[in-house]
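Structural overview
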Amino acid sequence: MKFWSGYQRQIREDGRCRSMWVPRVRCDRCRATHALLPAFVLVGRLDVVETVGGVLEAVVEGPGGVRPAAANVQVPHTTARGWLRRFGSLAPELAVAFAALAADLGGAVMAPFPAAPRAALAAIGGAWRAVVAFPGWLGANRWRFVSAVTGGRLIATNMNSPYLIVGKRRFMPPVPMKGQNR
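Let me sum up the structure you'll find in this document.

Parameters and conventions
- Residues numbered from 1 in each chain as written.
- Predicted model: local features only at pLDDT ≥ 70, side-chain atom pairs only at ≥ 80, totals over all residues.
- Heavy atoms only, no water.
- Helix = DSSP H or I, 4+ residues; strand = E, 2+ residues; numbered from the N terminus.
- Buried < 20%, exposed > 50% of the residue type's maximum accessible area, 1.4 Å probe, protein only.
- Contact = heavy atoms within 4.5 Å.

Concerning the environment of tryptophan 21
Note on placement: tryptophan 21 falls in strand β2 (residues 16-26). Taking relative accessible area as the criterion, tryptophan 21 reaches 47% and is therefore assigned partly exposed. Setting aside chain neighbours within four positions, we find tryptophan 21 in contact with Ser5, Gly6, Tyr7 and Gln8.

Set out below in structure tokens:
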């Protein structure tokens, strides 16, 4: 891997937008380039992970709704609502993945919750409690840890590529047409 230029990207923290430089690296063997996002940045999201995580916690665990949580962190309520919808759709997978991570790290085994978003937050908390037992993690932030574990794709719009890659060729998997027999 070698450094391969980069690009400017906007981030919003505490209601203020700033520009940051995101370096890219290139693999000499496969010639693919990758952005090196810091742990406080989420893929495809303007706001930093602490802001997103704070809204998720406030709405899922708290008595308030989306509007007060969004107002507290100075983001539009429609943006916060989008985060919650995406988190809700990914919550079952996140709950299982972070519960497994917590168990692998020597943490407590998670009991299932009836609501998937609450289960996901509990599993994230369990994994976080397990990882801070290791040296060097205590000073880190829980939501940055989550971003690092998910590769910045905590609430990304596309978790896995729909393409099958064989060699250097990409193939779209067959999608049945409406009414077509399978």
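After that view of the structure, there is still more to cover.
Comments concerning unusual backbone geometry
A positive phi angle, near 60 degrees, is found at serine 5, a position not held by glycine. Within the element layout of this structure, serine 5 appears in strand β1 (residues 2-13). Residue serine 5 is classed as exposed on the basis of its relative accessible area of 56%. Residue arginine 31 is not a glycine yet carries a positive backbone phi of 65 degrees. Tracing the chain through its elements places arginine 31 in the loop between β2 and β3 (33-35). Relative accessible area serves as the criterion here: at 56%, arginine 31 is assigned to the exposed category.

Just distances and angles here, no functional claims.
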